[in-house]
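# Inside the fold
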Amino acid sequence: MTDTKQITAPLIARSQCLVMGNWKMNGSMSFNNQLLNDIVMGAASLATSAQLVVCVPSPYLAQACERLSGTPVQWGAQDVSVHTKGAFTGEIGAGMLTDFGCRWVLVGHSERRTLHAESDAVVAQKALAALNAGLTPVVCVGESLQERDAGLAEAVIKRQLAPVLALGAEAVMRLVVAYEPVWAIGTGRTASAQQAQDIHAVIRRLLPSSDHTPVLYGGSVKPDNAKTLFAMPDIDGGLIGGASLVATDFLAIAS
Ligand code: PEP
């Protein structure tokens with residue numbers, strides 16, 4: 001087990017529905033300005049107590065920090081380095097993210113795992129780097145269509161989570177897991193609520209506490225399927241890609 005003495009991230013309770021947007025590599029100053037304004041305005045009259053978070057491309061963290069400070073909407077980044085600082089051109093350290101008011105950071109998104117060959121071990125190291133800087137990592141896991149069809153979904157999730165769980169209970173109660181079946185990301189093909197719940201239940205059984213470590217579902221979540229998904233007992237909110245770029249959709253998913 002890794003030494004967790006340096007962890008400064010807060011405990012994360014499951015009691016509040018968490019709706020996080022992943023903007024991916026989208027946006028511009030003017031587009032973001034409009035989107036952030038619309039989200040802030042809509043958040044004020046949200047019928048639920050869901051916590052809204054937007055994970056923006058790193059160049060726009062200053063913009064998010066300026067527009068969202070003092071509002072109920074929080075912001076985060078989409079990746080973090082395993083290193084604190086040094087000769088790592090292009091990398092962004094967790095401390096740099098906290099300088100811009102980030103509370104959250106995605107780690108191990110399937111696009112990072114696939115396009116940047118991030119291993120399960122590296123993803124766990126990124127989660128630890130975030131925790132040590134006081135950030136809440138959102139650890140993304142999920143099987144490909146080929147793995148699901150081969151009956152390997154559970155095994156893949158367990159393998160991906162193993163090095164994260166090895167960080168120890170104190171660490172794991174301070175992070176979020178997002179189950180995102182790769183075949184449902186950006187495809188319009190959502191897992192059924194029961195398919196998602198079945199994997200969430202597997203994940204929940206691996207976690208050290210029933211009160212901490214929210215488990216989010218991600219993969220083509222839209223206003224018309226969010227309620228059914230979020231009503232499942234082990235689904236604590238959502239990680240939203242495409243629909244988080246449309247303020248009315250993002251807000252409708254959270255309401
Ligand atoms: C994602 O990329 O994290 C995601 C869930 O995307 P989408 O909602 O567009 O499927």
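Residues numbered from 1 in each chain as written. Predicted model: local features only at pLDDT ≥ 70, side-chain atom pairs only at ≥ 80, totals over all residues. Heavy atoms only, no water.

In this section: the overall build of the chain. Within the chain one finds eleven helices and eight strands. Here the C-alpha atoms of the chain give a radius of gyration of 17 Å, agreeing with the 18 Å that 2.2 N^0.38 yields for 255 residues. In terms of its C-alpha atoms, the chain occupies a principal-axis envelope of roughly 45 × 45 × 35 Å. Burial statistics for the chain: of 255 residues in total, 53% are counted as buried. A fraction of 72% describes how many contacts in the chain between residues 6 or more apart in sequence connect residues 24 or more apart. (Helix = DSSP H or I, 4+ residues; strand = E, 2+ residues; numbered from the N terminus. Rg over C-alpha atoms; globule rule 2.2 N^0.38 Å. Buried < 20%, exposed > 50% of the residue type's maximum accessible area, 1.4 Å probe, protein only. Contact = heavy atoms within 4.5 Å.)

Here we come to the state of the cysteines. Counting across every chain of the model gives zero disulfides. Of all cysteine sulfurs, the one in Cys102 lies closest to Cys65, which takes part in no disulfide; the gap is 8.0 Å. (Disulfide = S-S within 2.5 Å.)

Looking at helix 11 (residues 247–254), one finds that the buried residues are Ala247, Phe250, Leu251, Ile253 and Ala254. End-on, the buried residues of helix 11 take up no more than an arc of 155°, which puts them together on one face. Buried-residue contacts for helix 11 involve strand 1 (18–22), helix 1 (29–44), strand 2 (51–55), helix 10 (223–230) and strand 8 (237–240). (Arc of directions from axis to C-beta.)

On to the pattern of salt bridges, then. On inspection of all chains with the given rule, the structure shows 13 salt bridges. One salt bridge connects Arg14 with Asp234, and the closest N-O pair in it is separated by 4.0 Å. One end of the pair, Arg14, is in the segment before strand 1; the other, Asp234, is in the loop between helix 10 and strand 8, with 220 residues separating them in the sequence. Across this residue pair, the class does not change: Arg14 and Asp234 are buried. Each of Arg14, Arg204, Asp234 and Asp236 takes part in a single network of salt bridges with overlapping partners. (Salt bridge = Lys/Arg side-chain N within 4 Å of Asp/Glu carboxyl O.)

A few words on the pairing of strand 8. Two faces, one strand: in a regular strand the side chains alternate between the faces of the sheet. Burial along strand 8 is two-sided: the face carrying Gly237 and Leu239 and the face carrying Gly238 and Ile240 are both buried. Pairing analysis gives four bridges linking strand 1 to strand 8, with the strands arranged parallel. By the bridge assignment, Met20 is partnered in strand 8 with Leu239. Pairing between strand 7 (residues 215–218) and strand 8: two bridges, direction parallel. In the sheet register, Gly218 faces strand 8, and the bridge partner there is Leu239. Once the chain exits strand 7 it traverses helix 10 before rejoining the sheet at strand 8, and the crossover so formed is right-handed. (Pairing = 2+ DSSP bridges. Right-handed = clockwise from strand over helix to strand, strands pointing away.)

Let us now look at the site of the ligand. In the neighbourhood of the ligand, 14 residues make up the surrounding shell, with Lys24, Glu180, Gly186, Ser220 and Gly241 lying closest. A distance of 2.9 Å separates an oxygen atom of the ligand from a polar backbone atom of Gly242. Contact with the protein chains hides 97% of the accessible area of the ligand, taken as 290 Å² for the molecule alone. (Near = heavy atom within 4 Å. Polar contact = N/O pair within 3.5 Å; in protein donor to acceptor, adjacent residues only side chain to side chain. Areas by Shrake-Rupley, 256 points an atom, 1.4 Å probe, with all protein chains shown as cover.)

You can see Cys102 is positioned in the loop between helix 3 (94–99) and strand 4 (104–107). Excluding residues that lie within four positions of it along the chain, Cys102 makes contacts with Leu61, Trp75, Gly76, Ala77, Leu97 and Leu135.

Another aspect to go through is the nonpolar core. With 69 residues, the main nonpolar core has Val19, Leu52, Val54, Ile203 and Tyr217 as its most contacted residues. Of all the elements, helix 5 (residues 120–132) adds the most residues to this core, at six residues. Once residues within four sequence positions are removed from consideration, Val19 is found in contact with Ala50, Gln51, Leu52, Val53, Phe230, Gly238, Ile240, Phe250, Ile253 and Ala254. If you look at the next biggest cluster of nonpolar residues, it comprises 13 residues, including Val53, Leu106, Ala178 and Leu216. (Core = buried A, V, L, I, M, F, W, Y, C linked by side-chain atoms within 4.5 Å.)

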